[in-house]
Amino acid sequence: RVSVNDVLLGIANDQFVRYQFVLSPTAHRLLGLNKLSVEFDPAIDCGGRFMACTGGWDWAPYTHTYQHGAHIMSKGIWKSVYLAIGSVAILHVVPQISYRGVYPTQRLVDGAHAGFSVAVRVHLSAALPAKGTLSLVPGWSVDGARVGAVANRVVIDADIPAGDTNVTLKVAADASAVKLWWAIGMGSQPLYNLTVSFTPKPLVAAAVPPNIVSA
């Protein structure tokens with residue numbers, strides 16, 4: 001059960017779903033502190049919708065709660081909880097990575113493989129239709145550009161409709177720009193950040209500089 005200031009927002013009972021709750025004016029305070037409560041109640045039926053390793057038989061923490069004869073998770077929040085504010089909000093970002101070469105049958109070697117294509121699906125929510133630019137900044141060099149430089153980014157014009165929508169940005173990860181990630185004992189585990197931002201276009205020429213909503 002998810003509540004804010006003792007006002008129930010909803011129930012999350014499926015570990016494979018990302019939940020989104022709207023904060024009503026009666027649920028949150030504009031001034032002062034707000035209290036977020038997440039209650040793990042064994043009486044809530046999850047219907048088996050949780051990862052198979054839940055409950056301690058594999059790597060997950062051991063639990064003493066059961067449903068339908070199986071352990072269920074009851075020891076904390078395992079993903080991020082965040083508040084999205086703004087006329088256009090980025091709710092979450094989902095990168096999908098695919099290898100650009102033929103299916104490998106041998107271990108890949110740093111700097112000597114076909115590289116990867118990265119499709120970044122950006123999920124947004126807007127109160128009203130909005131126009132602006134959507135920007136993706138990878139944490140590695142693209143086409144030899146310096147990491148963090150203006151040239152090292154993907155920028156597109158975006159018309160965002162009211163409600164929830166998603167836009168996909170694509171970028172390459174060449175073998176010369178990224179290091180391979182390996183399981184423990186087989187190599188190193190390098191990680192690369194992806195920064196996505198939406199910049200709304202001003203409605204009039206004299207408008208104040210636009211805000212950037214990033215995730």
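Up top you'll find the structure we're talking about.
The structure presented is a predicted model; accordingly, all values stated were derived computationally and were not measured. (Residues numbered from 1 in each chain as written. Predicted model: local features only at pLDDT ≥ 70, side-chain atom pairs only at ≥ 80, totals over all residues. Heavy atoms only, no water.)

All right, on to a nonpolar patch on the surface then. A contiguous nonpolar patch, built from Leu36, Val38, Phe40, Ile77 and Val81 and spanning about 440 Å² of accessible area, is present on the exposed surface. Mapping Ile77 onto the fold places it in the loop between strand S5 (70-71) and strand S6 (88-99). A relative accessible area of 51% means that Ile77 is categorised as exposed. (Patch = residues over 30% accessible without salt bridge, like charges linked within 9 Å, V, L, I, M, F, W, Y side chains within 5 Å. Areas by Shrake-Rupley, 256 points an atom, 1.4 Å probe, with all protein chains shown as cover. Salt bridge = Lys/Arg side-chain N within 4 Å of Asp/Glu carboxyl O. Helix = DSSP H or I, 4+ residues; strand = E, 2+ residues; numbered from the N terminus. Buried < 20%, exposed > 50% of the residue type's maximum accessible area, 1.4 Å probe, protein only.)

Strand order in this open sheet of three strands is S2-S1-S3, and the pairing throughout is antiparallel. Bordering the open sheet on either side are strand S2 (7-10) and strand S3 (36-38), each of which pairs with just one other strand. Strand-to-strand, the axes of this sheet are offset by a mean angle of 30°, without reference to chain direction. Across three bridges, strand S1 (residues 2-4) lies against S2 in antiparallel orientation. In the strand pairing of S2, Ser3 is matched with Leu8. (Pairing = 2+ DSSP bridges. Axes fitted to C-alpha atoms, helices over the stretch in contact; angles between N-to-C directions.)

Moving on: the side chain of Ser125. Mapped onto the elements, Ser125 comes out in strand S7 (residues 116-126). Discounting residues that sit within four places of it in the chain, Ser125 has contacts with Gln20, Ser87, Val88, Ala89, Leu91, Gly163 and Asp164. (Contact = heavy atoms within 4.5 Å.)

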